[in-house]
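Chain residues, written in single-letter form:
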Amino acid sequence: MTDATHLPEAAEATETTAPTAAAEATGTLEYAYAVVREADIPRTALEPVRGVAGEPVRAVRHLGLAVLAGPVPAADFDAEPLRARLEDLAWLEGVARAHQRVVDTAGADTCVIPVRMATVCRGEDGLRRMLATGRDRFTAALDRLEGRVEWGVKVYAASAPAEEPPAEPSAAASGRDYLRRRSAQRRASEQRWEHTEEGARRVHETLTALAEGARLHPPQDVRLSGEAARNVLNAAYLVPGEDSEVFAERVGELAGRESGLRLELTGPWAPYSFVAAEGNERAEP
Amino acid sequence: MGERDPVTTAYGSPSAASASSASSAYGSSAPYGAPGGSGLATRGESANLADILERVLDKGVVIAGDIRINLLDIELLTIKLRLIVASVDKAKEMGIDWWEHDPSLSSRARRDPASVPAPAPAPPVENGTSEEAPG
């Protein structure tokens, strides 16, 4: 276990003294979760939280920034095993949930810039190199996102009203009746679909006007979301923390106004979807 | 202060969803400021896996650590996942493409069609995406 870098007092030490030679030599792997301003390191929030390998998470400081990180075993997180492990959906899920828990726990107290999952460095030196490399980007993002949270809004098409009217028993319907009924059903379903799409657009426009930023994620599939209804809008909105309540109320109002739609609000999240300036999401490989 | 866990609040006809399987995450705390709108149902449940993956795996600052996970490897993984999560192509196939005409919207929509192979009827893609890999 590394020394008590939890403590603010340790700040100078980590920056000026060489880390223990042993740790560096063996290249302890450090998993990075998020970057904060040095002045905004969460004091206690992270104490009960464990990271992706069940490890405690602490802050490592450098250049006025700090990265929240924890030591992880090379058996899972060195390049080779990590690559293999990431292909295991169950393992991936565990890591993703732990990563998110650390980020959002820290983010409840302070402005955090999440780093992408599976960012692993060698020792605290590696973490500091990472901070130096990304300093401008981290600082710009912190300036831009201070005090903001992300809310997710998904819109689902409410389930179609009894798609198959129970075939009239032995209606002995003529072929023509059958075809007529089928085409009426098709028309109804098309209209429902247009209605749904229009509704989703209205929701998105209304919320975009209310938010500082908006991002669209691809619609979700039932196999991961467990959600049976069709997802027609999957968006994230950047909202000043103090406006959150108004935003949530607005979502509730929209839900009441839009018939045939179901809305789902998630959050507050750390501003994951907004760390990249718009149109710049894939900038750095 | 304390642990924050994004909470899901569902509005509208909750009966449509058979989503109880999506809960099961840690600490399903009370929802944030549940608004007083009508016809709203509140599920005090944590975010589903898709919500989390699309954030932690696909967002966040991309910066090289010392462990060089070839990011393209992760791209392959996310492509596979996205086929599960749902592809933009598939959405378009269903007729959901209105955001493409809105320039103020995410670049994601523009980027995805290029990286996601044509939607197969079933998602288990084994290695059909490997042509994306670098030499």
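Residues numbered from 1 in each chain as written. Chains lettered and ligands numbered in written order. Predicted model: local features only at pLDDT ≥ 70, side-chain atom pairs only at ≥ 80, totals over all residues.

## Examining the domain arrangement of chain A
All names here are of chain A.
- Taken domain by domain, chain A consists of domain 1 (10-146) and domain 2 (149-274).
- The interface of domain 1 with domain 2 comprises 6 residues on the first partner and 5 residues on the second.
- Considering every element that reaches the side of domain 1 that touches domain 2, the biggest residue donor is helix H5 (residues 89-109), with 3 residues.
- Among the residues making up the side of domain 1 that touches domain 2, the classes are represented as 4 nonpolar, 1 polar and 1 charged. (Domains from an automatic or database assignment. Contact = placed C-beta atoms within 7 Å. Helix = DSSP H or I, 4+ residues; strand = E, 2+ residues; numbered from the N terminus. Nonpolar A, V, L, I, M, F, W, Y, C, P; charged D, E, K, R; others polar.)

## Here's the deal with the nonpolar core
- Of all hydrophobic cores here, the largest spans 90 residues; its most connected members are Ala34, Val67, Leu68 and Leu263 of chain A.
- Leaving out residues up to four positions away in the same chain, leucine 68 of chain A has contacts with Tyr33, Ala34, Val36, Leu46, Val57, Ala59, Val102 and Ala106 of chain A. (Core = buried A, V, L, I, M, F, W, Y, C linked by C-beta atoms within 7 Å. Buried ≥ 20, exposed ≤ 12 C-beta atoms within 10 Å, placed from the backbone.)

## Section: the sheet that holds strand E4 (residues 113-122) of chain A
Residue and element names in this part refer to chain A.
- Here we have 4 strands laid out as an open sheet, ordered E2-E3-E1-E4, and antiparallel in their pairing. Every other strand in the sheet has two partners, leaving strand E2 (58-62) and E4 as the edge strands with one partner each. Put simply, the sheet's adjacent strands are angled 35° from each other on average, direction ignored.
- Strand direction decides the pairing type here: strand E1 (residues 29-37) and strand E3 (residues 65-72), joined by 8 bridges, are antiparallel. Following the sheet pairing, tyrosine 31 is matched in E3 by glycine 70.
- Docked against the sheet, H5 engages E1, E3 and E4, running at close to 30° with respect to E1. (Pairing = 2+ DSSP bridges. Axes fitted to C-alpha atoms, helices over the stretch in contact; angles between N-to-C directions.)

## Some points on the packing of H5 of chain A against helix H1 (residues 49-56) of chain B
- Running from N to C, H5 of chain A and H1 of chain B cross one another at 75°; their axes reach a closest spacing of 10 Å. Relative to H1 of chain B, the element H5 of chain A lies roughly perpendicular. Contacts between H5 of chain A and H1 of chain B involve Glu93, Ala96, Arg97, His99 and Gln100 of chain A from the first element and Leu49, Ile52, Leu53, Arg55 and Val56 of chain B from the second.
- Of the residues that constitute the contact of H5 of chain A with H1 of chain B, the class distribution is 5 nonpolar, 2 polar and 3 charged. (Parallel < 35°, antiparallel > 145°, perpendicular 65-115°, else oblique.)

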